[in-house]
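One-letter residues, chain by chain:
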Amino acid sequence: QQILFRLEGQENSLRTFDELQIVANQRGVDANTVLGTGELMSRGASAEQTRIDVCSPGGTTLAALAAMEQAGFTESIKDGVKAAIARSKELGA
């Protein structure tokens, strides 16, 4: 499910880049950021440790995380996980 959440985040990031008319170069940076984060976590790093490792104090990632949290990010992730679990049970998986 983590992959699905990353893909959804990536899709929304790209949509936002389009809305803000961000150049293709920045879109590539965003894609590489997502891939790099996934690679760190695939090596066994926890989500918390990965966040600590990639966030510069006062940097852009922390600014983004703060804005997303203010918009209800954590609760929406929890709701998505619960919905996926419920649907999996309905499907007998």
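Small disclaimer: the values here were computed from a predicted structure and weren't measured.

On to a nonpolar patch on the surface, then. Side chains of L62, L65, M68 and F73 sit close together on the surface and give an oily, nonpolar patch of about 290 Å² of accessible area. With respect to the element layout, M68 can be found in helix α4 (residues 60-70).

The subject of this paragraph is the environment of C55. Along the chain, C55 turns up in the loop between α3 (47-54) and α4. With a relative accessible area of 14%, C55 lands in the buried category. Apart from residues lying up to four places away in sequence, C55 is in contact with T61, L62 and L65.

Within this structure, the stated rule accounts for two salt bridges. Note that K78 is salt-bridged to E75, the shortest N-O span being 3.5 Å. With K78 and E75 both in helix α5 (residues 73-90) and three residues apart, this pair spans about one turn of that helix. Taking relative accessible area as the criterion, E75 reaches 46% and is therefore assigned partly exposed.

What follows covers the confidence of the model for the protein. The predicted model of the protein averages 76 in pLDDT, with 67% of residues at 70 or higher. Here helix α1 (residues 2-19) stands out as the least confident element of the protein, with mean pLDDT 65; α4 is the most confident, with 87.

Definitions and limits used
- Per chain, residue numbering runs from 1 following the sequence as it is written.
- Reporting in this predicted model follows two pLDDT cut-offs: at least 70 for local features of residues, and 80 or more for side-chain atom pairs to be given and counted; totals over whole chains, interfaces and linings ignore these cut-offs and use all residues.
- Excluding hydrogens and water, the side-chain values take into account all heavy atoms of the structure.
- Within this analysis, patches are made of residues with over 30% relative accessible area and no salt bridge. Like charges are joined at 9 Å or less; nonpolar side chains (Val, Leu, Ile, Met, Phe, Trp, Tyr) at 5 Å or less.
- The accessible surface values rely on the Shrake-Rupley method and a 1.4 Å probe; as for residues, cover is taken only from the protein chains in view.
- By convention in these notes, a salt bridge is any Lys or Arg side-chain nitrogen within 4 Å of a carboxyl oxygen on Asp or Glu.
- Each helix is a run of DSSP H or I of at least 4 residues and each strand a run of E of at least 2, with the numbering of both proceeding from the N terminus.
- Think of it in three bands: residues with accessible area under 20% of the maximum for their type are buried, residues over 50% are exposed, and the middle band is partly exposed, with areas taken using a 1.4 Å probe on protein chains only.
- Contacts were defined at the residue level, with two residues in contact if any of their heavy atoms lie within 4.5 Å.
- Per-residue confidence from the predictor is given as pLDDT, running between 0 and 100.

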